[in-house]
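# Geometric and topological summary
Now for the letters of each chain:
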Amino acid sequence: MILYDYFRSSAAYRVRIAIALKGLVVERRPVHLLHGEQRDPGYRAKSPLAIVPTLQLDDGRLITQSLAIIDYLDALKPEPPLLPRDAVLAAQARAVALSIACEIHPLANLRVIEALQRQFGAKDDQIAAWRRRWIAEGLSAVEALIAPPAPFAFGAEPSLADICLIPQVYNARRFDVSLAACPRILAVEAACAAHPAFMEARPEAQPDAE
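Residues numbered from 1 in each chain as written. Predicted model: local features only at pLDDT ≥ 70, side-chain atom pairs only at ≥ 80, totals over all residues. Heavy atoms only, no water.

### Section: the overall build of the protein
When helices and strands are counted, the protein shows nine helices and four strands. Each helix (α) and strand (β) of the protein, taken in turn from the N terminus, gives the series β-α-β-α-β-β-α-α-α-α-α-α-α. Relative to the globule expectation of 17 Å for 210 residues, the C-alpha radius of gyration of the protein, 17 Å, shows essentially globular dimensions. A total of 210 residues make up the protein; the buried ones form 48% of that total. (Helix = DSSP H or I, 4+ residues; strand = E, 2+ residues; numbered from the N terminus. Rg over C-alpha atoms; globule rule 2.2 N^0.38 Å. Buried < 20%, exposed > 50% of the residue type's maximum accessible area, 1.4 Å probe, protein only.)

### Points about the environment of P148
Among the secondary structure elements, P148 is positioned in the loop between helix 6 (124–145) and helix 7 (160–174). Judged by relative accessible area, which is 13%, P148 ranks as buried. Taking the C-alpha atoms as reference points, P148 and A187, separated by 39 residues in sequence, lie 7.3 Å from one another. Apart from the residues within four sequence positions on either side, P148 is in contact with A153, R184 and V188. (Contact = heavy atoms within 4.5 Å.)

### Some thoughts on the pairing of strand 1 (residues 2–5)
Burial along strand 1 is two-sided: the face carrying I2 and Y4 and the face carrying L3 and D5 are both buried. Sheet topology note: the strand 1/strand 2 (residues 27–30) ladder contains four bridges and is parallel. Across the sheet, L3 pairs through a bridge with R28, a residue of strand 2. Read from strand 1 through helix 1 (residues 10–22) to strand 2, the crossover connection turns out right-handed. Two elements, strand 1 and strand 3 (residues 54–56), share three bridges in a ladder whose sense is antiparallel. Residue pairing across strands places L3 opposite L55, the latter belonging to strand 3. (Pairing = 2+ DSSP bridges. Right-handed = clockwise from strand over helix to strand, strands pointing away.)

### Thoughts on the packing of helix 4 (residues 87–104) against helix 7
Two elements in contact, helix 4 and helix 7, have axes whose closest approach is 7 Å; the angle formed by their N-to-C orientations is 30°. The angle between helix 4 and helix 7 falls in the class roughly parallel. Note on packing geometry: the crossing formed by helix 4 with helix 7 is left-handed. Every residue of helix 7 that contacts helix 4 at A93, R94, V96, A97, I100 and I104 is listed here: L160, A161, C164, L165 and Q168. Class assignment for the residues of the contact of helix 4 with helix 7 results in nine nonpolar, one polar and one charged. (Axes fitted to C-alpha atoms, helices over the stretch in contact; angles between N-to-C directions. Parallel < 35°, antiparallel > 145°, perpendicular 65-115°, else oblique. Left-handed = near helix turned anticlockwise from the far one by under 90°. Nonpolar A, V, L, I, M, F, W, Y, C, P; charged D, E, K, R; others polar.)

### A word on the sheet that holds strand 4 (residues 62–64)
Across a sheet, strands are paired by hydrogen bonds formed along the backbone, either parallel or antiparallel in direction. Read across the open sheet, the four strands follow the order 2-1-3-4; overall the sheet is mixed. Across the chains shown, the open sheet's two edge strands, defined by having one partner strand only, are strand 2 and strand 4. On average, each strand axis in the sheet is inclined to that of its neighbour by 20°, with strand direction left out of account. Where strand 3 meets strand 4, three bridges bridge the pair, whose relative direction is antiparallel. Bridge pairing in strand 4 links Q56 to L62. Sheet strands in contact with helix 1 are strand 1 and strand 2, and its direction is about 150° off that of strand 1.

### Remarks on the side chain of S159
Here S159 is to be found in the loop between helix 6 and helix 7. The exposure class of S159 is buried, given its relative accessible area of 2%. Setting aside residues no more than four positions away along its own chain, S159 makes contact with L82, P84, A93 and F154.

### Observations regarding the environment of H105
Along the chain, the position of H105 falls in the loop between helix 4 and helix 5 (110–120). Sequence spacing of H105 and W134 is 29 residues, and the spatial spacing of their C-alpha atoms is 8.6 Å. When neighbours within four sequence positions are excluded, H105 is seen to be in contact with S10, A11, R14, I100 and Q168. For H105, the side chain forms a polar contact with the side chain of S10, separated by 3.4 Å. (Polar contact = N/O pair within 3.5 Å; in protein donor to acceptor, adjacent residues only side chain to side chain.)

The structure is reproduced here in structure tokens:
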């Protein structure tokens, strides 16, 4: 399999964590978002939305969207599971993942930021305030949804919730969003920071890191 990703993409970061948790070996091909490589016709043929990540299977078939890729990996190699066995906890873990992937992440994504700049003339300080607002508001909600100390978000092992949360915490720190009011999130971050799969997937650990 081939994973098209970018070291700083939080969506790709999620998939790297899942790959590491599953112990899979996947070839990585970086797509530099700031250089516009995602808009290259060759890559757009793989990802019509011109986003990362994209997973290319050995038979050439393609899967886009991080949560869809993670779901495929979980089906491909069921152990360790990426959702709690308990049905309610599994649904709650999915809710956290979707809160991040669908409610927080898109509002601070590169495509939205570029539109704010080009179409509406937003300045750097306005962009910074925009990012901080949506990340802080979203993580405040996630803080209320997770249930540590476990030590992870929903139990003794990492789940889809942790897979999505840690890249968003990385973004929060990158954009100077205070996490002082999020002790549960900070506890999960500490647990994940000591886990080999999360360490392996870190943006700064990737070959294309800058």
